[in-house]
Amino acid sequence: MDQVTAEERQRWIEYFIPLAEQGDPDAQLAVGIGYANGVMVEKDLMLAELWLRRAEEKKGEEATFVLIKTFSREESPKTLDIFAEKAEWELGATYLICGRYLMRNGDVKRGRLLLKKGWEKGNIIAGISFISSGYGKPWRFFLLPVVLPLLIESVIVKAKDQADERILE
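The structure reproduced in this document is the subject of the present report. (Residues numbered from 1 in each chain as written. Predicted model: local features only at pLDDT ≥ 70, side-chain atom pairs only at ≥ 80, totals over all residues. Heavy atoms only, no water.)

1. Brief notes about the pattern of salt bridges
- Taken as a whole, this structure holds 14 salt bridges when the rule is applied.
- A salt bridge links D26 to K59, with the nearest nitrogen and oxygen atoms 2.6 Å apart. Residue D26 is found in helix α2 (residues 25-37), and its partner K59 is found in helix α3 (residues 45-59); the two are separated by 33 residues along the sequence.
- Under the relative-accessibility criterion, K59 is labelled partly exposed at 24%.
- Three or more residues joined by partner-sharing salt bridges are found here, namely E49, R53, E56, K78 and E85. (Salt bridge = Lys/Arg side-chain N within 4 Å of Asp/Glu carboxyl O. Helix = DSSP H or I, 4+ residues; strand = E, 2+ residues; numbered from the N terminus. Buried < 20%, exposed > 50% of the residue type's maximum accessible area, 1.4 Å probe, protein only.)

2. Side note on helix α4 (residues 61-73)
- With 13 residues, α4 extends 18 Å from end C-alpha to end C-alpha; this agrees with the ideal 18 Å at 1.5 Å per step.
- By the burial criterion, the buried members of α4 are E61, A63, T64, F65, V66, L67, I68, T70, F71 and S72.
- Summarising the contacts, the buried residues of α4 are in contact with α2, α3, α5 (78-83) and α6 (92-104). (Expected span 1.5 Å × (residues − 1). Contact = heavy atoms within 4.5 Å.)

3. Looking at the packing of aromatic side chains
- A full pass over the atoms with the stated rule returns five aromatic pairs.
- Ring geometry for W12 against F16: centres 5.2 Å apart, planes inclined by 40°, an arrangement best described as tilted. Placement of both W12 and F16 in helix α1 (residues 6-21) is noted, with a separation of four residues, approximately one turn of the helix.
- Look at F16 and you get partly exposed, because its relative accessible area is 22%.
- Seen in terms of ring centroids, F83 and W89 are 6.1 Å apart; in terms of plane orientation they differ by 20°. Their pairing is stacked. For the residue pair F83 and W89, the accessibility class agrees, reading buried in each case.
- One aromatic cluster is present, built from ring pairs that chain together W12, Y15 and F16.
- The side chain of R54 reaches across the aromatic face of W51, ending 4.5 Å from its centre. (Phe/Tyr/Trp six-rings, centres within 6.5 Å; stacked < 30°, edge-to-face > 60°. Lys NZ or Arg CZ within 6 Å of the ring centre and 35° of its normal.)

4. Looking at the environment of A63
- Here A63 is to be found in helix α4.
- You can call A63 buried: its relative accessible area is 0%.
- A sequence separation of 37 residues divides A63 from D26, and the C-alpha atoms of the two residues are 9.5 Å apart.
- With sequence-adjacent residues up to four places away left out, A63 is seen in contact with L29, L52, A55 and E56.

5. Considering the environment of R110
- Assignment of secondary structure puts R110 in helix α7 (residues 108-120).
- Using a relative accessible area of 41% as the deciding quantity, one classes R110 as partly exposed.
- On a C-alpha basis, the gap between R110 and G99 in space is 7.2 Å, while along the polypeptide they are 11 residues apart.
- Among all residues touching R110, those that are not within four sequence positions of it are L80 and L102.

6. As for the packing of α2 against α3
- Between α2 and α3, whose axes approach to 7 Å, the crossing angle comes to 155°. Judged on the interaxial angle alone, α3 and α2 are roughly antiparallel. Considering how the two elements wind past one another, α2 and α3 form a crossing that is left-handed. Facing α2, whose interface residues are P25, D26, Q28, L29, V31, G32, I33, Y35 and A36, α3 presents L45, L47, A48, W51, L52, R54, A55, K58 and K59.
- Broken down by class, the residue content of the contact of α2 with α3 amounts to 12 nonpolar, two polar and four charged. (Axes fitted to C-alpha atoms, helices over the stretch in contact; angles between N-to-C directions. Parallel < 35°, antiparallel > 145°, perpendicular 65-115°, else oblique. Left-handed = near helix turned anticlockwise from the far one by under 90°. Nonpolar A, V, L, I, M, F, W, Y, C, P; charged D, E, K, R; others polar.)

Interpretation note: all reported values are geometric properties and have no functional meaning in isolation.
Quick look at the structure:
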């Protein structure tokens, strides 16, 4: 909880907590993120999950993605439990986060499958991670001809459809 004054924290709490308690899904998401990151309020993963689950009812995968990302960052096995709650995710970034989690924890084969799925869902970072995970350390030099066109393509696709937030998450 650094670089934020006590006054800013108090204003944030007085503004967002009552809105979240009244059922505002954006405020619930903000409060969940607040507890997950521990910036405006003390870090508390149980409260983060509570508020993100409430936000999930109206915000859908956006809130679930934050929840999965939070538990992945904490290296919690709960990451995979939450991921398993749904057979198919729309956000490619969800597959990216879980794929990287699996790879960090030794399940490279399954992690690569999730990265590939994330790429198929339109997440270019998942695609780059999938491709690079198949090579050794010098992958950067050999994959530059593959990665650059992917990045250019993603920029073009993003420019064509500004409303689709899934493209470059």
